[in-house]
Amino acid sequence: RGADMTIKEEIEQLKKEKDAVILAHYYVRPEIQEIADYIGDSFYLSKVAVGLKEKTIVFCGVSFMGESAKILNPEKTVLMPDMAADCPMAHMASPETIEKVRAEYDDLAVVCYINSTAELKRHSDVCVTSANAVKIVKNLPNKNIFFIPDRNLAHYIAGLVPEKHFIYNEGFCIVHEYMEVEEIQDAKKAHPDAEVLAHPECPQAVLELADYIGSTTGIINYAGETDAQEMIICTESGVLYELEKRYPEKKFYFTETLPVCRNMKKVTLEKILHVLKTGENEVFVDDALREESKKPLERMLELAK
Ligand code: 13P
Ligand code: SF4
């Protein structure tokens with residue numbers, strides 16, 4: 001690196017040389033959101049990944065995100081700054097269980113939260129994200145819904161779509177699952193005028209305290225729409241960067257145990273620079289798996305329109 005060049009400048013230069021674009025989720029470190037070309041929730045990022053003109057996508061997020069981008073754009077090179085940045089929930093279901101439930105129920109749709117491996121997607125009928133799940137599940141023709149992997153999101157959607165029969169799977173997000181009700185109550189006592197905004201990956205006891213429930217983009221947009229000047233944010237703390245950028249006059253609080261997704265934080269500027277330089281950590285999905293896991297993803301993009 002030239003002594004006069006910062007790491008950000010060097011990334012910027014390599015992006016041009018390599019015809020690369022940087023996508024980032026709201027949960028990654030602030031300095032990465034600062035240099036990203038596109039920042040958003042899982043739904044936005046999956047839409048944006050389709051139709052990019054650049055040859056290479058550097059995906060600053062966890063494995064299932066880079067994998068989905070590759071499945072939807074096989075002709076692109078998708079690079080992950082850290083291959084070990086994986087979402088534990090993405091593995092919390094099994095093809096065997098899916099096939100067992102399929103054998104038990106008629107008129108069934110297997111609905112797969114995008115936080116899942118390609119192998120799980122391959123066995124599913126449609127993907128959803130927290131931003132479009134209610135709309136998609138409502139419009140499915142099937143009466144029975146087997147929702148994988150996240151049971152908290154499944155229960156939340158079931159409450160909003162009572163006409164469907166839900167079968168639940170024992171998966172959860174290790175960050176949202178352990179959000180403490182008591183710590184939220186403490187935050188409410190300390191900030192009595194604050195509204196509570198929560199992600200539907202939180203358990204029901206947390207969602208019961210919420211004034212607003214939605215995806216990360218939903219939470220960020222609501223924070224601007226509400227008259228409230230103070231908010232307790234019940235999702236991963238990376239969203240603070242965008243919240244403060246958009247609403248510098250408002251105040252945002254988290255639980256005392258700061259919700260941090262260690263996997264999202266594995267992405268660093270140094271690692272982005274490294275994969276841009278070397279082309280290492282490219283995402284590969286074999287042809288058969290890609291063709292089969294593409295169907296539920298494309299169905300999501302179609303049904304969410
Ligand atoms: P959204 O980006 O859809 O809100 O999902 C949150 C999440 O946990 C991503 O891993
Ligand atoms: Fe997975 Fe939760 Fe981290 Fe999102 S916040 S990547 S769901 S562990």
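None of these values were measured; they are calculated from a predicted model.

Chemist: Even after reading the chapter, I still don't get the overall build of the chain, so can you show me in this structure?
Modeler: For the chain, the count of helices and strands is 14 helices and twelve strands. Based on the C-alpha atoms only, the size of the chain along its principal axes is roughly 60 × 55 × 30 Å. A total of 305 residues make up the chain; the buried ones form 44% of that total. Within the chain, contacts between residues at least 6 apart in sequence are counted, and of these 64% link residues at least 24 apart.

Chemist: Could you clarify how one ought to interpret the sheet that holds strand β12 (residues 251-253) in this entry?
Modeler: What links the strands of a sheet is backbone hydrogen bonding, and the strands pair in either a parallel or an antiparallel sense. Strand order in this open sheet of four strands is β10-β9-β11-β12, and the pairing throughout is parallel. Among the strands making up the open sheet, the edge pair consists of β10 (212-213) and β12. Pairing analysis gives four bridges linking strand β9 (residues 195-198) to strand β11 (residues 230-234), with the strands arranged parallel. Bridged to Leu197 within β11 is Ile233.

Chemist: Is there a simple way to explain the site of ligand 1 in this structure?
Modeler: Every residue lining ligand 1 is accounted for by Asp41, Ser42, Phe43, Cys87, Asn115, Thr129, Ser130, Ala131, Cys173, Glu201, Ser215 and Thr216. In terms of residue class, the shell around ligand 1 is built from four nonpolar, six polar and two charged.

Chemist: Which parts of the structure should I look at to understand the site of ligand 2?
Modeler: In the vicinity of ligand 2 lie 14 residues, with Val62, Cys87, Cys173, Val175 and Cys261 positioned nearest. Within the shell around ligand 2, the residues separate by chemical class into ten nonpolar, two polar and two charged.

Chemist: Any chance you could explain unusual backbone geometry here in plain terms?
Modeler: What is expected of a backbone is that most residues other than glycine have negative phi and most peptide bonds are trans. Ile148 connects to Pro149 through a cis peptide bond whose omega is -20 degrees. Tracing the chain through its elements places Pro149 in the loop between β7 (144-148) and α8 (151-160). Although it is not a glycine, Asp19 sits at a positive phi angle of roughly 55 degrees. Take Asp19: it is sitting in the loop between α1 (7-18) and β1 (20-25). Phi angles above zero are rare outside glycine, and Asn281 is one such case at about 60 degrees. On the secondary structure map, Asn281 appears in the loop between α13 (269-278) and α14 (287-303). Judged by the 19 C-beta atoms lying within 10 Å of it, Asn281 is partly exposed.

Chemist: I keep staring at α13 and nothing clicks. Help me out?
Modeler: Each full turn of the α-helix corresponds to 3.6 residues, which orients residues three or four apart in the same direction. Taken together, the buried positions of α13 are occupied by Lys271, Ile272, Val275 and Leu276. All buried residues of α13 fall inside an arc of 135 degrees around its axis, so they share one side. Exposed and oriented more than 90 degrees from the buried face of α13 are Glu270 and Thr278. On its buried face, α13 is in contact with α1, β1, β3 (56-60) and β4 (77-79). Once α13 ends, the next one or two residues include Gly279, with phi positive near 75 degrees.

Chemist: Please explain the pairing of β9 as it appears in this structure.
Modeler: Regular strands place side chains that alternate from one sheet face to the opposite one. Summarising the sheet, β9 and β10 pair through two bridges and their orientation is parallel. By the bridge assignment for β10, Leu197 is matched with Tyr212.

Chemist: Help me out: how do you make sense of the packing of helix α4 (residues 63-72) against α14 in this one?
Modeler: When two helices pack together, their arrangement is given by the angle between their axes and by how far apart the axes lie. Put simply, α4 and α14 touch, their axes get as near as 9 Å, and they point 100 degrees apart. Classified by the angle their axes make, α4 and α14 are roughly perpendicular. The segment α4 lies against α14, with Ser68, Ile71 and Leu72 engaging Arg290, Ser293, Lys294 and Leu297.

The rules behind each value
- Residues numbered from 1 in each chain as written.
- Chains lettered and ligands numbered in written order.
- Predicted model: local features only at pLDDT ≥ 70, side-chain atom pairs only at ≥ 80, totals over all residues.
- Helix = DSSP H or I, 4+ residues; strand = E, 2+ residues; numbered from the N terminus.
- Buried ≥ 20, exposed ≤ 12 C-beta atoms within 10 Å, placed from the backbone.
- Contact = placed C-beta atoms within 7 Å.
- Pairing = 2+ DSSP bridges.
- Near = placed C-beta within 6 Å.
- Nonpolar A, V, L, I, M, F, W, Y, C, P; charged D, E, K, R; others polar.
- Arc of directions from axis to C-beta.
- Axes fitted to C-alpha atoms, helices over the stretch in contact; angles between N-to-C directions.
- Parallel < 35°, antiparallel > 145°, perpendicular 65-115°, else oblique.

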